[in-house]
Amino acid sequence: MSLQYFDFIDRQELRKIELNNNGKIDGNEYKYEYEQLEEEIIQDNGTNQFYIFGYPFCLVYSIIIVLFFYIVTKLLTF
């Protein structure tokens, strides 16, 4: 959920920079603020590493939680 939030924030910042809303940055829109935003997006290793390290961890963690609650509900329904 935090990845979605930061992606939303980056899109909002890009909308502030893009003046004519054509989906690309033209010559008159290429400013210092766009360069800074571009650098932040390129050097954001958290979103790139999530698919390598975070997703498998979250998947295993979710499976453990589901199995735990499944076992607990089976034991309590006797």
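Fair warning: this is a prediction, and the values are worked out from it, not measured in the lab.

Chemist: What's the story with the confidence of the model for the protein in this structure? I'm lost.
Modeler: Parts of the model with low pLDDT should not have their predicted coordinates read in detail. For the protein, per-residue confidence averages 77 on the pLDDT scale, and 77% of positions sit at 70 or higher. Mean pLDDT across the secondary structure elements of the protein bottoms out at helix H1 (residues 2–17), with 74, and peaks at helix H3 (residues 45–76), with 84.

Chemist: Sorry if this is basic, but what is going on with the packing of aromatic side chains here?
Modeler: To describe a pair of aromatic rings, you give the distance between the ring centres and the angle between the ring planes. Following the criterion strictly, the structure yields two aromatic pairs and no others. Between Phe57 and Tyr61, the ring centres sit 6.2 Å apart and the planes meet at 15°, which makes this aromatic pair stacked. Here the residue Phe57 and the residue Tyr61 both occupy positions in helix H3, the gap between them amounting to four residues, near one helical turn. The exposure class of Tyr61 is partly exposed, given its relative accessible area of 48%. Look at Phe68 and Phe69: their rings are 5.5 Å apart centre to centre, the planes differ by 75°, and that puts the pair in the edge-to-face class.

Reading the values: rules and limits
- Numbering of residues starts from 1 in every chain and runs along the sequence as written.
- Given that this is a predicted model, residues contribute local features only at a pLDDT of at least 70 and side-chain atom pairs are listed and counted only at 80 or more, while totals for whole chains, interfaces and linings are drawn from all residues.
- To obtain the side-chain values, all non-hydrogen atoms of the structure were used and water was disregarded.
- By definition, pLDDT measures how confident the predictor is in each residue, and it falls between 0 and 100.
- Secondary structure is summarised from DSSP: a helix means a run of H or I of at least four residues, a strand means a run of E of at least two, and numbering begins at the N terminus for each.
- Only rings of Phe, Tyr and Trp enter the pairing, Trp through its six-membered ring, and a pair is recorded when the two centres are within 6.5 Å. The plane angle decides the type: under 30 degrees is stacked, over 60 is edge-to-face, the rest tilted.
- Note on exposure labels: buried denotes an accessible area under 20% of the residue type's maximum, exposed denotes more than 50%, and partly exposed covers the range between, all computed with a 1.4 Å probe on protein chains only.

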